[in-house]
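Below, each chain spelled out in residue letters.
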Amino acid sequence: MSCGSGDSSCEKPRRRAALVLLGLMALIFIALSVFSFLPSRGQATPDTVSFGPYQANDGKRVFQAYNCMGCHTMVGNGAYLGPDLTEVYKHAGPAWLAAFLPSAGGWPTEAAVRAQLLDPNQHAGTGTDTIDAYLQKYPGAAARIQRRGGGTTLMPNLPLSKDEIGQLIAYLKYTSAMNTEGWPPKVEAGTLDRRLQLAHGTVALAQAAPAAAAKPAAASDPAALGAQLVKDYGCVACHASDDKRLVGPGWGGLYESSVSLADGSKVTADDAYLAESIRQPNAKIVAGYPPGVMPAYDTLLKTEEVNAIVAYLHTLEKQ
Amino acid sequence: MQTEYQTQRLSLRFFMLMLVLFVVQVIYGMILAAQQVDPTILQGWLNFNVARAEHLNLGIMWIVCGFIGAILFVAPLLAKRELVAPWLVKFLFYAVIGIVIWNFFTQFLAERGIAGWWLGQPWLQQGLEYLEAGRIAGLLILVGFLILAFVVLRTFPRVREWNEVHWGLGLGVGALAVVWVFGLFYVARLDLQEYFRWFVVHYWVEGVWEVIHISLIGYFLVLMFKADVKSVGFAVFWGIALVWLSGLIGNAHHYFWIGTPEFWQFWGSLFSALEPLPLVFCFWHIYLDAHTNKRPLENAPAFYFLLGSTVLELVGAGILGFVMTFALTNVWSHGTWVTAGHAHLALFGTFGMLGIAAAYYATPILRKVPQFDPRLGKLGFWLVFTGVLGMAFAFAIGGTVQVYVYRILGLDWFGGDVNRAMGTYKVMLPLFGLVLSTGAGVLAYDLFTLGRRMRPQAAVDAETTPHPATGWRRPLTGFEAGIWLLLMWLFGTIITLGLLSFNLPHVRVAGDPTLPYVLAGVGYPGLLLVTLLFVWRFIASLEARASAPAISPLLRVLPAQG
């Protein structure tokens, strides 16, 4: 080259050329950006996605209000403490999410998901009404229930209301529908058993399965049967056996105690009240608790099962 | 050197505030590291997302305080007159404290799901990574940036008299405010929201902060080594030009998977692969400019941190950014701990260390103790430097395991599968974090009390006895610096190949992680060790150079510019 790097007569045109190039790049960037958001791309947008009466638009606000991105990633951006949420709707489905979100501190059991399927919104959203068809359609829910169901999670319980839960599900439905150009990459390493074998050297799933399948013979003692039922139905994800508040009221010392209701009245927690609170939990809401979070177990539980749970509640002392 | 302008003294309070925020941020970091090991720690009181929001926001705030301090210190020197409106600067100081305290409390509202929606905007907190502050704090921060821009631009001489450093800082403080505006709107579409969120995050860091960083490093080299302003100006202009030429479209590397079209993968992979160029360029210039004279190092800690800043900029931002900038490697690293290794080295290393360097340069001058005891500062440097390198190692290797278990094997149960596999590295994080925290404490103590403590005379004598410039301390030639640089890139290439190897059917389908694990196991420790050794070598040569023989001019690879 004829001019040295320190030669000012060459330096000036070079600098001008760099600035022109920069302007050109800005034009390219703006053009690419415009093309990215044209409607012809067919990208999913939140205003077209809903779940029952709930809008994805509102769900996004809930997602931000709880700073979900502070622990999870969404389209891969956020924190790395918990799993990515972009496709969780696609994998686990709305009923599993509805069972999980109110009591995020515990993993939903199969019965807890079954209770959610009674919701007409779930019918409309999933197109299935039996748990078997649901688990067939959302294998992620089946794997979650089988391996983790009834256990505790690492996530705190959040004070989500019924509406916020529905809105979040709508938002997660929207993100699942987005075209993210193939991210997260498809898993191609074979069956879950094989992948667990590769990760841990043992088949954790095969070991867990018989324990879940081997249902204990129906206990003759109603209280013992009740204790088994509250575990199977995942009730303990929200209700503590002492008098502490988890998501719903604690059970310890509840029987025969005086309960203040949201409408200002007081009732005694007798057998009839407890049975009603299981069958139609929204009939009487305890003061300080949000309505609509607990599903109705009216059609899920037989009369003797409700009675067994009530009998179990009799045995729990205040601690 | 003495204080030439009275208003330079205003920078001192920002440096002290920077140190307080730094220490608090590090405490939050330790809580987060403990929660990574056991997420139930403090659950219900200080949830991970709130602690992380504070950790990120304080990180940004103390780096900005460091910038403000440094800019206020050099602006009168560049303008050759006092700062205009010093009362505005004092107001800015209390405003920053107020915003930090306000944001501290509002972030807790995320635990109750309260964002403060009004007029469609979240006024109290908005739950977006890096931009967690609500609209109230966001608007106040914008006012703060406008105050800074006003003070700096009014203090500077007329535009016709600007040199490259004026241009760099002038554009920097102006763009700081302009880019921030893109984060002040609620966007309903997730893809569009992420598009604009990266406008703030990427263009701040790689557009604006980088420009301020290059200008400040350049000017501090002028102040410390009496480097030629013209030569530094050449480096500043082309540094900034290369940053913008590569970084403008380079932002596309954030648009691979957020729902924007596939063509971004081409543009992002191509242009952001060029982003290390300005960083190599600056790395090389700090070598040249630091070697323009042969006098003993006057202010060792300030130079240590200046060097650390430039080297970690190259290694953390440049090389560790490069390895994950291609769509084929980013598809694996995206959303994992691998990116956190890059982020800690790049953000703390490049910008944090610059702020500390500026504080070490300015504080002795402003407190009139030019002969201060540099030993605590040196100790602090080595603690934070090794601490952050170790943390990057834990993040990077833990992240590689995470990619395998989470993405290749598709196991998404963090409690049962992912954390179990990452366990060792999750424990390593708070251990190295403790080293960094100790260093942060030492630095804060040293700078708070600098000039207010008695200094033992023996230490003075020990400091002034130069070591012989032989062996490890022999003068660093351009050729040798080039070899170090090549080694860094060699290990960077190995890391890139490691991430790339996740695409092989042997790994992805057959599920054998050996190749990516071996390449990461060689690449990351190699890169971080070379970085540590190079800084050690550079400093050893510089400290001994008073007694060094002249370097043969033939060994200089590039002539000094100008």
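Cut-off values and rules
Counting from 1, residues in each chain are numbered in the order their sequence is written. By the order in which they are written, chains take letters starting at A while ligands take numbers starting at 1. Per-residue local features of the predicted model are confined to residues with pLDDT of at least 70, and side-chain atom pairs are confined, for both listing and counting, to 80 or more; whole-chain, interface and lining totals are unaffected and use all residues. Hydrogen atoms and water are omitted, and side-chain values are computed over all heavy atoms in the structure. Secondary structure elements follow DSSP: runs of H or I no shorter than four residues count as helices, runs of E no shorter than two count as strands, and numbering proceeds from the N terminus. Both definitions apply: the radius of gyration is a C-alpha atom measure, and the globule rule equals 2.2 Å times residues to the power 0.38. Burial classes follow relative accessibility: with a 1.4 Å probe on protein chains only, a residue under 20% of its type's maximum area counts as buried, one over 50% as exposed, and anything between as partly exposed. Throughout, a residue-residue contact means that at least one pair of heavy atoms, one from each residue, lies within 4.5 Å. For accessible areas, the Shrake-Rupley method is used with a probe of radius 1.4 Å. Any residue's cover is judged against the shown protein chains and nothing else. Counting of polar contacts relies on pairs of N or O atoms within 3.5 Å, with two restrictions inside protein: one atom must be capable of donating a hydrogen and the other of accepting it, and residues adjacent in sequence are counted only when both atoms are side-chain atoms. As a working definition, buried area equals the accessible area (1.4 Å probe) given up by two parts on being put together, with both sides summed. Here a salt bridge means any side-chain nitrogen of Lys or Arg lying within 4 Å of a carboxyl oxygen belonging to Asp or Glu. Two rings from Phe, Tyr or Trp (for Trp, the six-membered ring) form a pair when their centres are within 6.5 Å of each other. A pair whose planes differ by under 30 degrees is stacked, one over 60 is edge-to-face, and the rest are tilted. A fitted line through C-alpha atoms serves as each axis, taken over the contacting stretch for helices, and the angle formed by two N-to-C directions is quoted from 0 to 180°. Gly counts as polar in this scheme, as do all residues outside two lists: the nonpolar Ala, Val, Leu, Ile, Met, Phe, Trp, Tyr, Cys and Pro, and the charged Asp, Glu, Lys and Arg. Any residue with relative accessible area above 30% and no salt bridge may belong to a patch, with like charges joined within 9 Å and the nonpolar Val, Leu, Ile, Met, Phe, Trp and Tyr side chains within 5 Å. Relative orientations are named as follows: roughly parallel for angles under 35 degrees, roughly antiparallel for angles over 145 degrees, roughly perpendicular for angles from 65 to 115 degrees, and oblique for any other angle. The handedness criterion is simple: a crossing whose near helix is rotated anticlockwise from the far helix by less than a right angle is left-handed, and one whose near helix is rotated clockwise is right-handed. Those domain boundaries reflect an automatic or database domain assignment. We call a set of buried Ala, Val, Leu, Ile, Met, Phe, Trp, Tyr and Cys residues a nonpolar core when their side-chain atoms join them within 4.5 Å. When two cysteine sulfur atoms lie within 2.5 Å, the pair is treated as a disulfide.

Draft legend 1. Representation of the overall build of chain A within the structure. The helix and strand tally for chain A stands at 13 helices and 6 strands. In terms of C-alpha radius of gyration, chain A reaches 27 Å, well past the compact-globule figure of 20 Å for 319 residues. Once the C-alpha set of chain A is aligned to its principal axes, its extents read approximately 100 × 50 × 40 Å. Counting every position in chain A, which comprises 319 residues, the buried fraction comes to 50%. In chain A, the share of contacts with a sequence separation of at least 24, taken over all contacts with a separation of at least 6, comes to 59%.

Draft legend 2. Region of the structure containing the overall build of chain B. Looking only at helices and strands, one finds 18 helices and 2 strands in chain B. In summary, chain B has a C-alpha radius of gyration of 23 Å against a globular reference of 24 Å for 562 residues, a match within 12%. Across its three principal directions, the C-alpha atoms of chain B cover 60 × 55 × 45 Å. Looking at chain B as a whole, 65% of its 562 residues are labelled buried. Long-range pairs, those at least 24 residues apart, make up 83% of the contacts in chain B between residues at least 6 apart in sequence. With the model as given, the accessible surface of chain B reaches about 19600 Å², and the carbon-plus-sulfur share is 72%.

Draft legend 3. Representation of the side chain of Arg144 of chain A. Mapped onto the secondary structure, Arg144 of chain A falls in helix α7 (residues 139–148). Polar side-chain contacts of Arg144 of chain A include one of 3.0 Å to the side chain of Asp412 of chain B. Other than its neighbours up to four places away in sequence, Arg144 of chain A contacts Val88, His91, Ala92, Trp96 and Gly149 of chain A together with Asp412 of chain B.

Draft legend 4. Layout of the interface of chain A and chain B. Between chain A and chain B, the residue contacts involve 73 residues of the former and 90 residues of the latter. Across the chain A/chain B interface, buried area totals approximately 7300 Å², and carbon plus sulfur atoms make up 61% of it. Summed over the shared surface of chain A and chain B, the number is 5 salt bridges. Here Arg15 of chain A makes a salt bridge to Glu164 of chain B, at a shortest N to O gap of 2.8 Å. Where chain A packs against chain B, one counts 30 residue pairs in polar contact (both at pLDDT 80 or more). Take the side of chain A that touches chain B: its biggest share by element is 14 residues, from helix α1 (residues 8–36) of chain A.

Draft legend 5. The arrangement of the packing of aromatic side chains in detail. Residues and elements named next belong to chain B. Tallying each qualifying case throughout the model produces 68 aromatic pairs over all chains. On the basis of an interplanar angle of 40 degrees and a centroid distance of 6.0 Å, the ring pair of Trp332 and Phe502 is categorised as tilted. With Trp332 in helix α11 (residues 327–333) and Phe502 in the loop between α16 (478–500) and α17 (505–508), the pair connects residues that are 170 residues apart, well separated along the chain. There is no split in this pair, since Trp332 and Phe502 are both buried. Judged by centre distance (5.8 Å) and plane angle (75 degrees), the rings of Tyr404 and Tyr517 are edge-to-face.

Draft legend 6. Examining the packing of helix α5 (residues 164–180) of chain B against helix α7 (residues 229–250) of chain B more closely. Residue and element names in this part refer to chain B. Contact geometry of α5 with α7 gives a least axis separation of 8 Å together with a crossing angle of 35 degrees. Residues Glu164, Val165, Gly168 and Leu171 of α5 form the contact with α7, whose participating residues are Gly233, Phe234, Val236, Phe237, Ile240 and Trp244. Of the residues in the contact of α5 with α7, the class split is 7 nonpolar, 2 polar and 1 charged.

Draft legend 7. View of a nonpolar patch on the surface. Taken together, the side chains of Leu27, Ile30, Val34, Phe35 and Leu38 of chain A define a hydrophobic patch exposed on the protein surface, amounting to about 490 Å² of accessible area. By secondary structure assignment, the location of Leu27 of chain A is in helix α1.

Draft legend 8. Focus on the environment of Tyr80 of chain A. Mapping Tyr80 of chain A onto the fold places it in the loop between β4 (77–78) and α3 (88–100). Ignoring any residue separated from it by four or fewer positions in sequence, one finds Tyr80 of chain A in contact with Cys71 and Thr73 of chain A together with Gln36, Gly335, Thr336, Trp337, Thr339, Ala340, Gln402 and Phe414 of chain B. Polar contacts involving the side chain of Tyr80 of chain A include one to the side chain of Thr339 of chain B, which spans 2.9 Å.

Draft legend 9. Main features of the pattern of salt bridges. Residues and elements named next belong to chain B. Enumeration over the complete set of coordinates arrives at 20 salt bridges over all chains. The partner of Arg158 in a salt bridge is Glu161, with the nearest N and O atoms 3.4 Å apart. Residue classification places Arg158 among the exposed positions, given a relative accessible area of 57%. Classification of Glu161 by relative accessible area gives partly exposed; the value is 47%. Here Arg189 ties to Asp191 by a salt bridge, and the two come within 2.8 Å at their closest N and O atoms. Given the relative accessible area of 0%, Asp191 is considered buried.

Draft legend 10. Spatial organisation of unusual backbone geometry. Residue Pro184 of chain A is reached from Trp183 of chain A by a cis peptide bond, and omega for that bond is -5 degrees. Relative to the helices and strands, Pro184 of chain A resides in the loop between α8 (162–177) and α9 (192–200). Located in the positive-phi region is Lys80 of chain B, a residue other than glycine, with phi close to 55 degrees. Locating Lys80 of chain B in the fold gives a position in the loop between α2 (48–79) and α3 (86–107). Here the phi dihedral of Lys226 of chain B falls at roughly 55 degrees; this positive angle occurs in a residue that is not glycine. Within the secondary structure, Lys226 of chain B is located in the loop between α6 (190–225) and α7.

Draft legend 11. Spotlight on the packing of α7 of chain B against helix α8 (residues 263–272) of chain B. All names here are of chain B. Here α7 crosses α8 at 155 degrees, and the two axes come no closer than 8 Å. Classified by the interaxial angle, the pair formed by α7 and α8 is roughly antiparallel. Where α7 crosses over α8, the handedness of that crossing is left-handed. Between α7 and α8, the contacting residues are Leu245, Ser246, Ile249 and Gly250 on the first element and Trp267, Phe271 and Ser272 on the second. The residue inventory of the contact of α7 with α8, partitioned by class, reads 4 nonpolar, 3 polar and no charged.

Draft legend 12. Region of interest: the side chain of Asn67 of chain A. The topology assignment puts Asn67 of chain A in the loop between α2 (56–65) and β3 (73–74). The buried category is assigned to Asn67 of chain A, whose relative accessible area is 1%. What Asn67 of chain A contacts, discounting residues up to four positions off in sequence, is Asn49, Ala53, Ala110, Gln125, Gly127 and Glu132 of chain B.

Draft legend 13. Spotlight on the domain arrangement of chain A. Residues and elements named next belong to chain A. Domain annotation for chain A reports domain 1 (46–177) and domain 2 (222–314). Taking only C-alpha atoms into account, the centre of domain 1 sits 24 Å from that of domain 2. The interface of domain 1 with domain 2 comprises 13 residues on the first partner and 16 residues on the second. Both sides together, the interface formed by domain 1 and domain 2 hides about 1100 Å², and carbon and sulfur atoms give 66% of it. For the domain 1 face of the interface with domain 2, the top three residues by lost area are Ala115, Leu118 and Lys162, together amounting to 30%. At the surface where domain 1 touches domain 2, the tally comes to 0 salt bridges. The interface formed by domain 1 and domain 2 holds 2 residue pairs in polar contact (both at pLDDT 80 or more) in total. A per-element tally of the side of domain 1 that touches domain 2 places helix α4 (residues 110–117) first, with 5 residues. Taken together, the residues of the side of domain 1 that touches domain 2 sort by class into 6 nonpolar, 5 polar and 2 charged.

Draft legend 14. How the structure looks around the nonpolar core. Trp96 of chain A together with Trp209 and Leu216 of chain B are the most contacted members of the largest nonpolar core, which has 264 residues in total. Each residue touching Leu216 of chain B, except ones within four places of it in the same chain, is listed here: Phe67, Ala70, Ile71, Val74, Leu169 and Leu354 of chain B. Ranked by size, the runner-up nonpolar core spans 28 residues in total, among them Tyr233, Ile278, Val310 and Leu313 of chain A.

Draft legend 15. Highlighting the environment of Gly492 of chain B. All names here are of chain B. Residue position: Gly492 is located in helix α16. Since its relative accessible area comes to 1%, Gly492 is described here as buried. For the pair formed by Gly492 and Phe479, sequence separation is 13 residues and the distance between their alpha carbons is 20 Å. Non-local contacts of Gly492, meaning those with residues more than four positions away in its chain, are made with Ile319 and Val323.

Draft legend 16. Quick look at the state of the cysteines. For the structure on display, the rule yields 0 disulfides over all chains. The thiol of Cys68 of chain A is not disulfide-bonded; the next cysteine sulfur, from Cys71 of chain A, is found 8.6 Å away.

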